[in-house]
Amino acid sequence: MWEWIGYIANLIQILSVIPFLIAAWLFLSRARRYKKKMKELERHVAQAQELYNAKDYSGALQILRRVEAEGGTLKGTFLAGKALYQQGQFLEALRAFDRVAEKAPRSIFMPEILLYRGRYALEIESNPKKAREIFLQLLSAFPDADAADFALYHLARMSYDEENIAQARTNLEQVLKRPDSPARDEAEFLLGEINMRQLRSPEPGPDDIVYTIKKGDSIWKLERELKVPGDLIVGINNLRPNALTVGMQIKVPKINPSIMIDKGKRTLTLKNGGTFLKKYRVGIHRIDARVPAGEHTIQNKFDKGTDYADPQTGAIIKAGDPTNPLGSRFLQLRRDMGIHGTINPELVGTYTDVGWITMAEKDLEEIYALVR
């Protein structure tokens, strides 16, 4: 009898554990299903990211909306906000960013979310005061984030527009202290505007020469003796080359220009004595051999451009012809290669089938006057 009582007690003990085992099994089963589901959602988000990187924002959003319908992920919601912003659906984008911020206010996405909010205030609401507050909040909370460098760039742009050139330069130089900063290109383009504005101003700077015109001086003589392009001297001082006045004081900048072209990024960087001066976007011929890597010197300058041979018909379009695809100026690097303008500005910044190194006309005009 006592044995039966023991068996029953053991059975009761075993049966009492069964609900806990079932609960544990259900929990683990749900956890496995949840993990599997999250992996599937993450895979879809990765696909959407590839489409976003390829600038197929509509395709990315189609996938991300399905992800959202199945419960969503933090990264998926954030990426949807970015895609919506790129498509101009700004309010929907901000709502997506708000959902991310509510769920994870210290997530890795917050610096970029603040950057988008600042851009919206600046570019869409035209509220620079609000934008500045948001950018400064970003810099304070996340000073080491990539987004902080873009905040510095936007603050510099705002200072530049407000004619606070010194503050703009300070912010840009802070960005450029990081060689791998993702905002580096934008910072260099704006810093180039500031540098060129200073160079072309008739007001002499601390490194400039103030030259007094003497009897017998000519622009050609000044160019030869001072080693500064005559076009630059004329442009800065608003001179009439054939009517120099004895006793006139003019600004002559110290200029020793060099050019570096990055074929991969399709940019042209102009330096003065090895110091960054300005960066430009250029088009590069898609056939690598037409613009070979190497060092070249400017062999000649043609102020009316150069002849163009149509590859289809063989017809020659003369330099100076307004229909010439190579534009109105030409810097010859060798017999069959040079830097030229364009009548199709959309080619700038791309790989092209025309010419060699293509610049926007206004940009080519600018460097044409600087190089010898």
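Residues numbered from 1 in each chain as written. Predicted model: local features only at pLDDT ≥ 70, side-chain atom pairs only at ≥ 80, totals over all residues. Heavy atoms only, no water.

Here we come to the overall build of the protein. The helix and strand inventory of the protein stands at 12 helices and 13 strands. In summary, the protein has a C-alpha radius of gyration of 32 Å against a globular reference of 21 Å for 372 residues, an excess of more than 25%. Projected onto its principal axes, the C-alpha positions of the protein cover 135 × 55 × 35 Å. When burial is assessed residue by residue, the protein has 40% of its 372 residues classed as buried. In the protein, the proportion of contacts linking residues at least 24 apart, taken out of those at least 6 apart, comes to 55%. Of the accessible surface of the protein, which amounts to about 21600 Å², a share of 54% is contributed by carbon and sulfur atoms. For the protein, the centre of its 54 positive side-chain charges and the centre of its 47 negative side-chain charges are spaced 2 Å apart. (Helix = DSSP H or I, 4+ residues; strand = E, 2+ residues; numbered from the N terminus. Rg over C-alpha atoms; globule rule 2.2 N^0.38 Å. Buried < 20%, exposed > 50% of the residue type's maximum accessible area, 1.4 Å probe, protein only. Contact = heavy atoms within 4.5 Å. Areas by Shrake-Rupley, 256 points an atom, 1.4 Å probe, with all protein chains shown as cover. Lys, Arg positive; Asp, Glu negative; His and termini not counted. Charge placed at Lys NZ, Arg CZ, Asp CG, Glu CD.)

What the 3 strands build is an open sheet, ordered S3-S4-S5; its pairing is antiparallel. The open sheet is flanked by strand S3 (257–262) and strand S5 (275–281), the only strands paired with a single partner. If you compare each strand with its neighbour and ignore which way they point, the axes differ by 20 degrees on average. Sheet topology note: the S3/strand S4 (residues 267–272) ladder contains 6 bridges and is antiparallel. Within the sheet, the bridge partner assigned to Asp262 lies in S4 and is Thr267. (Pairing = 2+ DSSP bridges. Axes fitted to C-alpha atoms, helices over the stretch in contact; angles between N-to-C directions.)

Look at helix H6 (residues 128–141) against helix H7 (residues 146–161): their axes get within 9 Å of each other, and the N-to-C directions meet at 150 degrees. Helix-helix and strand crossings are classified by hand; for H6 and H7 the assignment is left-handed. Contact with H6, carried on its side by Pro128, Ala131, Arg132, Phe135, Leu136, Leu138 and Leu139, involves Ala147, Ala148, Ala151, Leu152, His154, Leu155 and Met158 of H7 and no other residues of that element. By residue class, the composition of the contact of H6 with H7 is 12 nonpolar, 1 polar and 1 charged. (Left-handed = near helix turned anticlockwise from the far one by under 90°. Nonpolar A, V, L, I, M, F, W, Y, C, P; charged D, E, K, R; others polar.)

If you look at the biggest cluster of nonpolar residues, it comprises 56 residues, and the most contacted ones within it are Tyr52, Phe97, Ile113, Phe135, Leu138 and Leu172. Here this core gets 9 residues from one element, more than from any other, and that element is H7. Counting 39 residues, the second largest nonpolar core, distinct from the first, contains Ile213, Ile219, Leu326 and Met337. (Core = buried A, V, L, I, M, F, W, Y, C linked by side-chain atoms within 4.5 Å.)

The gaps of empty space that remain are located by a probe, the size of a water molecule, rolled over the atoms. Of the pockets and cavities examined, the largest pocket occupies roughly 800 Å³. For the lining of the largest pocket, the residue count by class is 11 nonpolar, 5 polar and 15 charged. (1 Å grid on protein atoms, 1.4 Å probe; cavity = no way out; pocket = protein on both sides within 12 Å on 5 of 7 lines; lining within 4 Å. Points joined across faces, edges and corners; volume = space filled by probe spheres on them.)

By the definition in use, this model includes 23 salt bridges. A salt bridge links Asp231 to Lys301; its shortest N-O distance comes to 3.6 Å. Of the two residues, Asp231 is situated in helix H11 (residues 230–237) and Lys301 in strand S7 (residues 300–302); the sequence distance between them amounts to 70 residues. One connected set of salt bridges, linked through shared partners, spans Arg184, Asp185, Glu188 and Lys279. (Salt bridge = Lys/Arg side-chain N within 4 Å of Asp/Glu carboxyl O.)

When two helices pack together, you describe them by how their axes are tilted relative to each other and by the distance separating the axes. Their axes nearest at 10 Å, the elements helix H4 (residues 90–103) and helix H5 (residues 110–124) cross at an angle of 150 degrees. Comparing the axis directions of H4 and H5 gives the class roughly antiparallel. For the element pair H4 and H5, the recorded crossing hand is left-handed. Mapping the contact onto sequence places Phe90, Leu91, Leu94, Phe97, Asp98, Val100 and Ala101 in H4 and Met110, Ile113, Tyr116, Arg117, Tyr120 and Ile124 in H5. A class-by-class count of the residues in the contact of H4 with H5 yields 11 nonpolar, no polar and 2 charged. (Parallel < 35°, antiparallel > 145°, perpendicular 65-115°, else oblique.)

The subject of this paragraph is the environment of Asn171. Looking at the secondary structure, you find Asn171 in helix H8 (residues 165–176). Measuring from C-alpha to C-alpha, the distance between Asn171 and Ala187 comes to 8.9 Å, with 16 residues separating the pair along the chain. Setting aside its immediate chain neighbours within four residues, Asn171 contacts Leu152, Leu155 and Ala156.

Moving on to the side chain of Thr269. Structurally, Thr269 can be placed in strand S4. Look past the residues within four positions of Thr269 in its chain and what remains in contact with it is Ser258, Ile259, Met260, Phe276, Lys278 and Lys279.

Moving on, we come to the sheet that holds strand S13 (residues 357–358). Strand pairing in a sheet is mediated by backbone hydrogen bonds. Such pairs are either parallel or antiparallel. Pairing within the open sheet is mixed, and its 6 strands lie in the order S7-S10-S11-S13-S6-S12. The open sheet is flanked by S7 and strand S12 (351–352), the only strands paired with a single partner. In this sheet, strand S10 (residues 330–334) lies alongside S7 in antiparallel orientation, the contact comprising 3 bridges. Pairing of Asn300 across the sheet is with Gln332, part of S10. Set on the sheet, helix H12 (residues 361–368) makes contact with S7, S10 and strand S11 (337–340); between it and S10 the angle comes to about 70 degrees.

On to unusual backbone geometry. Positive phi is not limited to glycine here, since Ser126 has a value of about 55 degrees. Along the chain, Ser126 falls in the loop between H5 and H6. With phi around 55 degrees, Lys227 is a residue other than glycine that occupies positive phi space. The topology assignment puts Lys227 in the loop between helix H10 (219–226) and H11.

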